[in-house]
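Architecture at a glance
Listed here are the chains, written in short residue letters.
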Amino acid sequence: MYDFAYHKPSSVADAVKLLADPDAKAVSGGHTLIPALKHRLNKPSALVDLSGIAEMKGIRREGNALVIGALTKHEAVATSPEVKAAIPMLAFVAKHIGDTQVRNRGTMGGSVANNDPAADYPAAVLGLGATIHTSKRKIAADDFFLGMFTTALEQDELLTAISFPIPEKAGYAKMRNPASRYVMAGAFVSRGPMGVRVAINGAGPCVFRQAAMEAALSANWSADAVAAIKQDADGLNSDIHGSAEYRAHLVSVMAKRAVLAAG
């Protein structure tokens, strides 16, 4: 039997107050939390539904950055003229998340805060050197993703928006499991105000930067520059779908494809 209180605050301040309860859980799209509730893997004292908070929605250009509210749905990012004009590869990422139902329900903030190893948005956030805005502070992407399903967010802290520096070039490529469609290894590359960045998702317990590839692309922005770089398999995911060594090989392949996609 489900036994929890349900709240639907209309402001960030009200939501933060409700989340002061350590057993309360925030929910936006619900793609991770709702299945966990169904399987009794999570038993919160209260659900705090964020969908009514207007200030956490929307897309806007601020100087040389694109700011996207945490509650903005994947489909809105995928079809946004502002995103397509400023960072077209970010629209591409959103367009290829899950299926139509997922894209019309899931939110950018929910995905980033959840930090699933196979999620697409963390690669874009880290690969573009974005800044995470919360109800308390601003956190650089490099300091935000700490481990599998773990971020720098505190219990009563809400991710409210993400600010993406607009790059000169950006590309993304991923290899999906043919059955589940979850990412086995992906690479997001960019060159711009944050320098050259390469973020890898799916292959390890948490999204991470590939320093050797960043150095190679800084010297020579080409697919050939990363094709010969071997990813260390130590610490990478290994399961029935693919060994750590296989995922390490995929990192090089996806990075090369991402550079080609960036142009």
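Everything here concerns the structure above.
Let me begin by describing the structure that accompanies this report. (Residues numbered from 1 in each chain as written. Predicted model: local features only at pLDDT ≥ 70, side-chain atom pairs only at ≥ 80, totals over all residues. Heavy atoms only, no water.)

1. Quick notes on the overall build of the protein chain
Helix and strand counts for the protein chain stand at 12 helices and 14 strands. Here the C-alpha coordinates of the protein chain stretch approximately 55 × 45 × 30 Å along the principal axes. Across the 263 residues in the protein chain, those meeting the buried criterion constitute 52%. Carbon and sulfur atoms make up 53% of the accessible area of the protein chain, which totals about 12,000 Å². Distance between charge centres in the protein chain, computed from 28 positive and 24 negative side chains, equals 7 Å. (Helix = DSSP H or I, 4+ residues; strand = E, 2+ residues; numbered from the N terminus. Buried < 20%, exposed > 50% of the residue type's maximum accessible area, 1.4 Å probe, protein only. Areas by Shrake-Rupley, 256 points an atom, 1.4 Å probe, with all protein chains shown as cover. Lys, Arg positive; Asp, Glu negative; His and termini not counted. Charge placed at Lys NZ, Arg CZ, Asp CG, Glu CD.)

2. Regarding a positive patch on the surface
Taken together, the side chains of Lys8, Lys57, Lys73 and Arg105 define a basic patch exposed on the protein surface. Following the sequence through the fold, Lys57 ends up in the loop between β3 (46–49) and β4 (59–62). (Patch = residues over 30% accessible without salt bridge, like charges linked within 9 Å, V, L, I, M, F, W, Y side chains within 5 Å. Salt bridge = Lys/Arg side-chain N within 4 Å of Asp/Glu carboxyl O.)

3. What to know about the nonpolar core
Grouped together as the largest cluster of nonpolar side chains are 54 residues, with contacts concentrated most on Leu90 and Phe164. The dominant element in this core, judged by the number of residues it contributes, is helix α8 (residues 121–128), at 6 residues. Counting residues in each nonpolar core, the second largest holds 27 residues, with Val189, Met213, Ala225 and Ala248 among its members. (Core = buried A, V, L, I, M, F, W, Y, C linked by side-chain atoms within 4.5 Å.)

4. Examining the sheet that holds strand β14 (residues 208–209)
Strand order in the open sheet formed by 4 strands is β11-β12-β13-β14, with antiparallel pairing between adjacent strands. Among the strands making up the open sheet, the edge pair consists of β11 (169–176) and β14. Relative to strand β13 (residues 195–201), strand β12 (residues 183–192) is paired through 7 bridges, and the arrangement is antiparallel. Bridge assignment links Ala187 to a residue of β13, and that residue is Ile200. Its contacts with the sheet put helix α5 (residues 88–95) on β11 and β12, and the angle it makes with β11 is roughly 20°. Relative to the sheet, α8 contacts β11, β12, β13 and β14, its axis offset from that of β13 by approximately 160°. (Pairing = 2+ DSSP bridges. Contact = heavy atoms within 4.5 Å. Axes fitted to C-alpha atoms, helices over the stretch in contact; angles between N-to-C directions.)

5. Structural notes on the pairing of strand β5 (residues 65–69)
Taking burial as the measure, the 5 residues of β5 include 5 buried ones, the bulk of the element. Alternating residues of β5 divide into Ala65, Val67 and Gly69 and Leu66 and Ile68, and every residue in both groups is buried. Of the strand pairs in this sheet, β4 and β5 are connected by 4 bridges, and their pairing is antiparallel. Considered in β5, the bridge of Ile59 is made with Ile68. In this antiparallel pair of consecutive strands, β4 and β5, the connection spans 2 residues, and Gly63 shows a positive phi of 60°. In this structure, β5 lies alongside strand β10 (residues 159–165), joined through 5 bridges in antiparallel fashion. In the strand pairing of β10, Leu66 is matched with Phe164.

6. Here we look at a nonpolar patch on the surface
A surface patch of nonpolar side chains, about 320 Å² in accessible area, is lined by Tyr2, Phe4 and Tyr6. Among the structural elements, Tyr6 can be located in strand β1 (residues 5–7).

7. What to know about the sheet that holds β5
The 5 strands are arranged β4-β5-β10-β6-β7 in an open sheet whose pairing can be described as antiparallel. Whereas interior strands pair on both sides, the edge strands pair on one side only; in this sheet they are β4 and β7 (138–140). Neighbouring strand axes in the sheet, compared pairwise and without regard to direction, differ in orientation by 25° on average. Bridge count for strand β6 (residues 131–134) against β10 is 4 bridges, and the pairing is antiparallel. Paired with His133 across the strands is Ala161, a residue of β10.

8. Considerations on the environment of Ser135
With respect to the helices and strands, the residue Ser135 is situated in the loop between β6 and β7. Look past the residues within four positions of Ser135 in its chain and what remains in contact with it is Val12, Val16, Asp156, Glu157, Leu158 and Thr160.

9. As for the pairing of β12
In terms of burial, β12 is a largely internal element, 9 of the 10 residues being buried. Judged from the 8 bridges that link them, β11 and β12 form a sheet pairing that is antiparallel. Along β12, the bridge assignment pairs Ala173 with Ala187. Count of turn residues in the β11/β12 antiparallel hairpin: 6 residues, of which Arg181 carries a positive phi of about 70°. Between β12 and β13, which follow one another and run antiparallel, lie 2 residues.

Taken by themselves, the reported measurements are silent on function.
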